[in-house]
Amino acid sequence: MTSPATATSSQELFDRARALMPGGVNSPVRAFGSVGGTPRFMVSAKGPYITDSEGREYVDLVCSWGPALVGHSHPDVLAAVHAAVDNGLSFGASTPAEAELAQLVMDRVPAVKRLRMVSTGTEATMTAVRLARGFTGRNLIIKFAGCYHGHLDGLLAAAGSGLATLALPGSAGVTEATAAETLVLPYNDVAAVEAAFAEHGANIAAVITEAAPANMGVVTPEPGFNAALSRITAEHGALLILDEVLTGFRTGPAGYWGLTGGAADAAEPWAPDLFTFGKVIGGGMPVAALGGRADVMDYLAPLGPVYQAGTLSGNPIAMAAGVATLRAATAEVYATVDARSAELSAAVSAALDAAGVDHSIQRAGNLFSVAFGTSATGVHNYEQAQAQQAFRYKPFFHSMLDAGVYLPPSVFEAWFLSGAHDDAAMERIYAALPAAAKAAADAQP
Ligand code: PLP
């Protein structure tokens, strides 16, 4: 056992944590299970960099799994948080900042007519599912294999993300009765959705989908796929829940919906009945939300019969961080993230090509990931994502880590950039790529 005073290396800290917490972590993918080695224990982050307990600095391509869109420790966000802290940490009562954040969300995503703040993405999707059931009076939910919506019981089947990383089909502890209320369909397969509605339409409360999947690696929704979900659900009196926890305010000011159904020049405009948000909306503090049609949202307590509550919902510090982050997420930030994403994915692809590593770059807006051994077909669904040569990622990841680049510790995650990723940070990544590509080429299953 190491005492906190002397535990400075990640190995010492991990040994200590393992004696105290399951697997030494508070969220499974952090344990480096699929890439092996010792997870880095981080102590500070600024701009595009993150620093571990041994003082090693990395270019961060995880960005807290999405929230750090404007870069770590953005001065405006820190100032807003410091100012809010001075007024007290939590009141358990309404505060002005909640409406401020709600207004910012609605200005960006006009299909949101009412918003309810919660603390995690899981809470947002859990509430959205309950609300859909309460509103429609129906039980069944359709989800897609490989889409992750948080760790609520009913949506853990074929849920990608950490489950894919750990090769788990679902979770123990979910009752058969709960699992039976979720129909899991292949992603990008409109015919499967139509068939499910033909058979169970009168019992389907909602379809939930990631606006663009990014938890089985990134998968592009086929043109018209989300629009078809909107049309089919409407035809059958079910709701469409668009999960923008990861994509929201990241792939653009109005998330992935803003690039598709909500785009000014959308060929086929559509809007979901409910959205879920998280990550960027709190800028690194625990904020998430659900929002959408007023008639559906007003089914929530205290107006309606669907109950939902939270001691820390709308917490003033978290709201301050969210407001400051959305304000700092200017058109320039989006332009930077878009451009860096295009440059980086091209550089990764060139390095892998030069090393003779078969791959495809999976892209949805400014989100991307690399799928190994998939160039023949690309990845359009979970089956293809799982069939890739995932073993090539482990040495690739460690080569990058050793060179001072912090990638997601799983091939099934997106790579995250920020508006703070400047030329110096990008150069460090580019310099590391050839050796990492060579390591991927040499990898054995
Ligand atoms: N939905 C999506 C699309 C996500 O990517 C995540 C988390 O990564 C969640 C929901 C769950 O959010 P949280 O981890 O805040 O519970």
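Use the structure listed above.
If you're wondering where the values come from, they're calculated on a predicted model, not measured in any experiment. (Residues numbered from 1 in each chain as written. Predicted model: local features only at pLDDT ≥ 70, side-chain atom pairs only at ≥ 80, totals over all residues. Heavy atoms only, no water.)

Caption draft 1: Main features of the packing of helix α7 (residues 190-200) against helix α8 (residues 225-235). Closest axis-to-axis distance for the α7/α8 pair is 10 Å, and the angle between their directions is 10 degrees. The orientation of α7 relative to α8 falls into the category roughly parallel. Here Val-190, Val-193, Glu-194 and Phe-197 of α7 come into contact with α8, specifically with Phe-225, Ala-228, Leu-229, Arg-231, Ile-232 and Thr-233. Its residues assigned to classes, the contact of α7 with α8 shows seven nonpolar, one polar and two charged. (Axes fitted to C-alpha atoms, helices over the stretch in contact; angles between N-to-C directions. Helix = DSSP H or I, 4+ residues; strand = E, 2+ residues; numbered from the N terminus. Parallel < 35°, antiparallel > 145°, perpendicular 65-115°, else oblique. Contact = heavy atoms within 4.5 Å. Nonpolar A, V, L, I, M, F, W, Y, C, P; charged D, E, K, R; others polar.)

Caption draft 2: Structural context of the nonpolar core. In this structure, Phe-144, Phe-277, Phe-396 and Trp-415 are the most contacted members of the largest nonpolar core, which totals 114 residues. Looking at which element gives the most residues to this core, the answer is helix α10 (residues 316-328), with nine residues. Once residues lying within four places of it in the same chain are set aside, the contact partners of Trp-415 are Leu-61, Leu-344, Val-348, Phe-368, Ser-369, Val-370, Tyr-393, Phe-396, Leu-407 and Pro-408. Counting residues in each nonpolar core, the second largest holds 21 residues, with Leu-152, Ile-241, Ala-288 and Leu-290 among its members. (Core = buried A, V, L, I, M, F, W, Y, C linked by side-chain atoms within 4.5 Å. Buried < 20%, exposed > 50% of the residue type's maximum accessible area, 1.4 Å probe, protein only.)

Caption draft 3: Inspection of the layout of surface pockets at higher detail. Taken as a whole, the second largest pocket holds about 420 Å³ of empty space. Taken together, 23 residues line the second largest pocket, and the ones lying closest to its centre are Glu-98, Arg-116, Met-117, Ser-313 and Gly-314. Mapped onto the lining of the second largest pocket, the elements with two or more residues apiece are α3 (96-108) and β4 (114-118). With three residues, the top contributor of residues to the lining of the second largest pocket is β4. A class-by-class count of the residues in the lining of the second largest pocket yields eleven nonpolar, ten polar and two charged. (1 Å grid on protein atoms, 1.4 Å probe; cavity = no way out; pocket = protein on both sides within 12 Å on 5 of 7 lines; lining within 4 Å. Points joined across faces, edges and corners; volume = space filled by probe spheres on them.)

Caption draft 4: The site of the ligand, seen in detail. Taken together, Thr-120, Gly-121, Thr-122, Tyr-148, His-149, Gly-150, Glu-210, Asn-215, Asp-243, Val-245, Leu-246 and Lys-279 form the complete shell of residues around the ligand. Contact between the ligand and Thr-122: an oxygen atom at 2.6 Å from a side-chain N or O atom of the residue. The side chain of Asp-243 places a nitrogen or oxygen atom 2.7 Å from a nitrogen atom of the ligand. Along the lines of polarity and charge, the residues of the shell around the ligand split into three nonpolar, six polar and three charged. (Near = heavy atom within 4 Å. Polar contact = N/O pair within 3.5 Å; in protein donor to acceptor, adjacent residues only side chain to side chain.)

None of the figures reported here should be taken as evidence of function without further support.
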